[in-house]
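Structure at a glance
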Amino acid sequence: MTMTHETTGVLGTRMLRKEDPALLTGEARFTADLAIPGALHLAVIRSPYARARIVSVDTSAARAHAGVRAAYSGADLADLWAGPMPCAWPVTADMKNPAHLPLAVSQANYVGDGVACVIAETAEAARDAAELVDVVYEPLEAVIDLEDAVSDRVVIHDEIGTNKSYTWDLKVEEQEGDVDAAFAAATYTVKERYIQQRLIPAAMEPRAIVAVPQPFGGDMTLYSATQIPHILKVMVALTLGIPEHQMRVIAPSVGGGFGSKLNVYAEELLCVALARKHNLPVRWTETRSEGCQATIHGRGQIQDIELAADANGRLTAVRVRLIGDMGAYLQLVTPGVPLLGAFLYAGVYELPKAYDFSCTSVFTNMTPTDAYRGAGRPEATYAIERAMDSLAATIGIDPLELRRRNFIPTDKYPYEAFTGLVYDSGNHDGAATLAAELVGYDAIRAQQKTQNVDGAKRRLGIGVSTYFEMCGLAPSRVLASLNYGAGGWEAATVRVLPTNKIQVVTGASPHGQGHETAWSMIVADKLGVAPEDVDVLHSDTAISPLGLDTYGSRSLAVGGVAIAMACDKVIDKAREIAAHQLEANPDDLEFAGGAFTVAGSPDRSMPLAAIAFEAFTAHNLPDGLEPNLEAHTTYDPPNFSWPFGTHMCVVEVDVETGEIEVLKYVAVDDCGNQVNPLIVDGQVHGGIIQGLAQALFEEAVFDSDGNLRTSTLADYLVPAASDVPSIVTGHTVTPSPTNQLGVKGVGEAGTIASTPAVINAVVDALSGLGVRNMPMPASPNTVWSVINAAQGGSQ
Amino acid sequence: MEISITINGKAVSADVEPRTLLVQFIRETAGLTGTNIGCDTSSCGACSIHLDGEAVKSCTILAAQADGGSVTTIEGLASADGTLHPMQQAFMENHGLQCGYCTPGMVMAATSLLNDIPNPSEEDVRIGLEGNLCRCTGYHNIVQAVLACANK
Ligand code: FES
Ligand code: FES
């Protein structure tokens, strides 16, 4: 069912991944696998209280424990920090950002906040000694509820005087008052509240860190299970006052991230600072329970959304009010997450300039939140896609029909949206039509009529969601307008070695995405070499000094395109050498199949291999041309990329037990041209299950005192194979016109689309019982109570 | 206490603390780091290995309990000549791994599953692997890989 585009050679094929043999045999090395002789082990003592004054910290017993090298309170180490932990996204000029140190000094602000640490010769000794650190706390009232936080009834951080970090508005009107007028004139309006529960990213590899100093050389190497070695290098250098050129960060094999490793963490700073202080390597590997508490959480929003529509169901205005849960502190991009969604609350629909968005983000006494797969965009898509179903129910038309009436028409692309952003390309009707065909939409609607009758025990539902991904972060100037602290470019080097083997250096930092394979395919296609002859170097700031790493589905649309551009530069230089050697005009040379040929004279040709060797010996190069065949590019994309699609989910709900069975899941995603459809489908599958997990299983549950009730994988329900369905994937291909590969991102699409598709299906199944909404996760208990309440508690 | 465990055909002896877990013995004493640790509640299966032919989570047993036993880890699965085990090959061909962190445990659990049920249904595979978590793949391609391996 996949519609594919024409390609030549390897590009667009389901080439098997180069990464796999090492990962399949245990040869790959994750950070915790690295053997570093003489390394000390760090253990962190964490607050058991969600909010408490630190009265005293006594480390004497810990220091006396066998094998312990040192033990420190937060106050002991306060001098080591040149600055507080970094937040790179001050979204407003007056954003409040309480100082956040790697170890708290006077007050702990969430359960898991580090207050002291131990370094010892073995991990066991460090852990045992950590138990001996005596911290006296004075527990303070904790703030857990978001609306309570807004009220400032209890202010968490005295020094900023409020729990509100910022309020960020995006109001777009042709004329002042348009939004209010549209609501007043609307034939239909809906107003809904949705809760984005907190989620734990739960990458399967826990975080792990080793800091290795070179006391005499002055350099510091930090190995970390991170998505962002380049950004981390800059941030660690700044926070610890280490000259940046002496700081090297290496991300070995990294076992998944989903945003949770897109950060600068206290333990990274502690390992580096203590390695410097003690002139010895220091390492730390998180336990899962620690990770659940002290690695960032995702989502955590209250969303109030209102839609106004005319008599045909066409949207005339959208109003959104958010409360964002920042958690106890601002981590690297915490405050920016709601902003990434701010542009997407009208989904893939035409909306006049009548949009009113406002987000107030608050501190709470819970684990800091930050970007989690999709970051803002799943939240926005959930709200609009749920609200569209609510609008369809209000009007009394089919939800798919309502969407079709509102889709941005294909012939209006590139489409300037109400926000001023330009959507690159789209074909929403095409994706929806294919999805409806694959799922058998009409047949299911027909079956519902016979199945969902009064007294039916198992009710059938189908849920639709359509989406934009808005990814490939991003044009640097757009990021600047949002106050983001860095650019959105990516760097690439393509180096043709003397023997015509290719080294590619990328600033992207893969952790499961298959960049080594995909980048090899791009180079193979460009240069006419075999993918096996390409080696991709990454994730080591000494080898790839420039880069902005992997997040926001940016790697292919920015980093991959940079590689194609670097290949073009290589070809340009090779052309000059070939022209010189063949005594031809460079413009008369055609490059195909890895060789330059003089147009019209097939016998006058020179393969890249020969050119590479000439470039290396430099015996006979054109005057003024530098030896060697290598090119570097930094690419700043002119636009975001706008992947889109339609997902449909079919469920049966047992109204007596509240159990949900997913019968079928269909995903039609359009990410433009596909470099490797095998990898695209893998990204889609994984994303869908993560989004489905939000819908049905996962929630980071805190009690009213701020204790995390789901701090292990036994309590936090990451779904297993037996909990989830198979997935039918289909694709339409609408190339992006903004880059030469015609590609878009695909890393977050599944997560963005699936949560509303699943909940829409559940609500659809139960609509005959008066159910209009469903809190997440829709556990059997929750579903049962919602049905019961809808039936007036009489069932 | 002094124990000896045969790992991938080679005897490994060491003096270990009674609290040493089998997974620690494999990773730290034998230096075989292909077996991963993903949790502290026996929930994730990243540490799955074969002990005397059965898949077990090596974080759930003490090294001492495996004294005298025979362990196969992911490093022992491919042939000496470098040919991947059919299950490893099937994972590769079906894109059953992304980050690869769950993969060693998943592959060990899957080979054991086929020992018990040579011709599993999709449901058999999904239930058989329910003790192994993967955050990347959504399981779809893992299930396809196991079914493909069974059908070879
Ligand atoms: S490490 Fe998770 S089950 Fe063993
Ligand atoms: S491949 Fe990453 S956890 Fe399974």
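What you see is a predicted model; the values in this text were computed from it and never measured.

1. A word on the interface of chain B and chain A
Opposite the 42 residues of chain B that make contact, chain A presents 54 residues. Summed over both sides, the interface of chain B with chain A buries roughly 4000 Å², with 58% coming from carbon and sulfur. Remark: the boundary between chain B and chain A carries three salt bridges. Between B:R19 and A:D128 there is a salt bridge, with the nearest N and O atoms lying 3.1 Å from each other. The tally of links from chain B across to chain A stands at 25 residue pairs in polar contact (both at pLDDT 80 or more). Where the side of chain B that touches chain A is concerned, the elements lending two or more residues are α1 (22–29), α2 (86–93), α3 (103–116), α4 (122–128) and α5 (140–150) of chain B. Ranked by the residues each element gives to the side of chain B that touches chain A, the list is headed by α2(B), at four residues. Split into classes, the residues belonging to the side of chain B that touches chain A amount to 17 nonpolar, 16 polar and nine charged.

2. Comments concerning helix α17 (residues 555–582) of chain A
Over its 28 residues, α17(A) runs 38 Å from end to end, which matches the ideal 40 Å to within 8%, given 1.5 Å per residue. Most of α17(A) is tucked away, with 20 of its 28 residues classed as buried.

3. Overview of the domain arrangement of chain B
Residue and element names in this part refer to chain B. Entries for chain B in the domain assignment read domain 1 (2–76) and domain 2 (86–150). Spacing between the C-alpha centres of domain 1 and domain 2 amounts to 21 Å. Listed by partner, the interface residues are 16 residues for domain 1 and 13 residues for domain 2. Interface area, domain 1 with domain 2, both sides summed: about 1200 Å², of which 53% is carbon and sulfur. When the buried surface of domain 1 facing domain 2 is broken down by residue, N36, H50 and I74 rank first, second and third, together holding 39% of it.

4. So, the domain arrangement of chain A
Residues and elements named next belong to chain A. Assigned domains of chain A: these are domain 1 (20–27 + 489–635), domain 2 (34–140 + 204–256 + 261–294) and domain 3 (383–469 + 641–790). A straight line from the C-alpha centre of domain 1 to that of domain 3 covers 40 Å. Contact residues are listed per partner, giving 18 residues for domain 1 and 16 residues for domain 3. Of the roughly 1100 Å² buried where domain 1 meets domain 3, counting both sides, 63% is carbon and sulfur surface. It is M521, S553 and L556 in domain 1 that bury the most area against domain 3; as a group they hold 37% of the surface buried on that side. At the junction of domain 1 and domain 3, the tally comes to zero salt bridges. There are five residue pairs in polar contact (both at pLDDT 80 or more) connecting domain 1 and domain 3. Mapped by element, the contributors of at least two residues to the side of domain 1 that touches domain 3 are α16 (515–527) and α17. Residue composition of the side of domain 1 that touches domain 3, grouped by class: nine nonpolar, seven polar and two charged.

5. What to know about the packing of aromatic side chains
All names here are of chain A. If you walk through the whole model with that rule in mind, you get 19 aromatic pairs over all chains. Look at Y345 and F357: their rings are 5.6 Å apart centre to centre, the planes differ by 45 degrees, and that puts the pair in the tilted class. Taken as a pair, Y345 in the loop between α10 (337–342) and β15 (354–363) and F357 in strand β15 lie far apart in primary sequence, 12 residues in all. Like Y345, the residue F357 is buried in the burial classification. Taken together, the aromatic side chains of W168, F343, Y345, Y355, F357 and F418 make up a single cluster linked through ring pairs. Lying over the aromatic face of Y551, R554 brings its terminal NZ or CZ to 5.2 Å of the ring centre.

6. Re the sheet that holds strand β14 (residues 315–327) of chain A
Residue and element names in this part refer to chain A. The five strands are arranged β7-β15-β14-β13-β8 in an open sheet whose pairing can be described as mixed. The sheet terminates laterally at β7 (164–173) and β8 (188–199), the two strands that pair on one side only. Pairwise comparison of adjacent strand axes, ignoring direction, gives a mean angle of 10 degrees for this sheet. Along the sheet face, helix α6 (residues 178–185) touches β7, β8, β13 (298–309), β14 and β15 and points at about 120 degrees away from the line of β14.

7. Some remarks on the environment of A:I502
Mapping A:I502 onto the fold places it in strand β20 (residues 502–506). Remark: the alpha-carbon pair of A:I502 and A:V529, spanning 27 residues in sequence, is separated by 8.6 Å.

8. Examining the sheet that holds strand β19 (residues 490–496) of chain A
Residue and element names in this part refer to chain A. A sheet is described by the order of its strands in space; here four strands give the open sequence β21-β20-β19-β25, paired in mixed fashion. Two strands bound the open sheet, and with one partner strand each, they are β21 (534–537) and β25 (629–635). Each neighbouring strand pair of the sheet contributes to a mean axis angle of 15 degrees, computed without reference to strand direction. Where β19 lies against β25, seven bridges are found, and the strand directions are antiparallel. Note on β25: the bridge partner recorded for V496 is L629. Its contacts with the sheet put α16 on β19, β20 and β21, and the angle it makes with β21 is roughly 135 degrees. This element, α17, spans β19, β20 and β25 of the sheet and lies at about 145 degrees to β25.

9. Observations regarding the pattern of salt bridges
Residue and element names in this part refer to chain A. The tally for this structure, following the rule as stated, stands at 47 salt bridges over all chains. Linking R198 and D325 is a salt bridge whose minimum nitrogen-to-oxygen distance equals 2.9 Å. Note that R198 is positioned in strand β8 and D325 in strand β14, a separation of 127 residues in sequence. Relative accessible area serves as the criterion here: at 5%, R198 is assigned to the buried category. When its relative accessible area of 3% is taken as the criterion, D325 is described as buried. If you follow the salt bridges from partner to partner, you end up with R46, R207, E267, E286 and E290 in one network.

10. Comments concerning the environment of A:S553
Residues and elements named next belong to chain A. Topologically, S553 is positioned in the loop between β21 and α17. Remark: the alpha-carbon pair of S553 and A474, spanning 79 residues in sequence, is separated by 9.9 Å. For S553, the side chain forms a polar contact with the side chain of E469, separated by 2.5 Å.

11. A short note on unusual backbone geometry
All names here are of chain A. Each neighbour pair has its own omega, and for Y413 with P414 the value is -10 degrees, a cis peptide bond. Tracing the backbone through its elements, the reader meets P414 in the loop between α12 (399–406) and β16 (415–416). A cis geometry characterises the amide bond from M776 onward to P777, with omega recorded as -10 degrees. In this structure, P777 sits in the loop between α20 (749–766) and α21 (780–790). One non-glycine residue, D152, adopts positive backbone phi at about 60 degrees. Within the secondary structure, D152 sits in the loop between α5 (146–151) and β7. Since its relative accessible area comes to 22%, D152 is described here as partly exposed.

12. Some remarks on the packing of α17(A) against helix α18 (residues 608–617) of chain A
Residue and element names in this part refer to chain A. One way to put it is that α17 packs onto α18 with a least axis distance of 10 Å and a crossing angle of 90 degrees. As far as their axial angle goes, α18 and α17 are roughly perpendicular. The segment α17 lies against α18, with A574, I577, A578 and Q581 engaging L608, I611, E614 and A615. Of the residues assigned to the contact of α17 with α18, the class counts are six nonpolar, one polar and one charged.

13. A closer look at α2(B)
Those residues of α2(B) that sit buried are B:M87, B:Q88, B:A90, B:F91 and B:M92. Tucked inside the fold, the buried residues of α2(B) contact α1 (20–25) of chain A together with α3 and α5 of chain B. Immediately downstream of α2(B), the backbone of B:H95 shows phi near 55 degrees, a positive value.

14. Notes on the pairing of strand β11 (residues 247–250) of chain A
Residue and element names in this part refer to chain A. Where strand β10 (residues 220–224) meets β11, four bridges bridge the pair, whose relative direction is parallel. If you follow Y223 over to β11, its bridge partner there is I250. Handedness of the β-α-β unit built from β10, helix α7 (residues 229–240) and β11 comes out right-handed.

15. Topic: the pairing of strand β28 (residues 728–731) of chain A
Residues and elements named next belong to chain A. Bridge count between strand β27 (residues 660–670) and β28: four bridges; the pairing is parallel. Following the sheet pairing, V666 is matched in β28 by V728. For the crossover from β27 across helix α19 (residues 677–696) to β28, the handedness is right-handed.

Conventions used here
- Residues numbered from 1 in each chain as written.
- Chains lettered and ligands numbered in written order.
- Predicted model: local features only at pLDDT ≥ 70, side-chain atom pairs only at ≥ 80, totals over all residues.
- Heavy atoms only, no water.
- Contact = heavy atoms within 4.5 Å.
- Buried area = accessible area lost by both parts, 1.4 Å probe.
- Salt bridge = Lys/Arg side-chain N within 4 Å of Asp/Glu carboxyl O.
- Polar contact = N/O pair within 3.5 Å; in protein donor to acceptor, adjacent residues only side chain to side chain.
- Helix = DSSP H or I, 4+ residues; strand = E, 2+ residues; numbered from the N terminus.
- Nonpolar A, V, L, I, M, F, W, Y, C, P; charged D, E, K, R; others polar.
- Expected span 1.5 Å × (residues − 1).
- Buried < 20%, exposed > 50% of the residue type's maximum accessible area, 1.4 Å probe, protein only.
- Domains from an automatic or database assignment.
- Phe/Tyr/Trp six-rings, centres within 6.5 Å; stacked < 30°, edge-to-face > 60°.
- Lys NZ or Arg CZ within 6 Å of the ring centre and 35° of its normal.
- Pairing = 2+ DSSP bridges.
- Axes fitted to C-alpha atoms, helices over the stretch in contact; angles between N-to-C directions.
- Parallel < 35°, antiparallel > 145°, perpendicular 65-115°, else oblique.
- Right-handed = clockwise from strand over helix to strand, strands pointing away.

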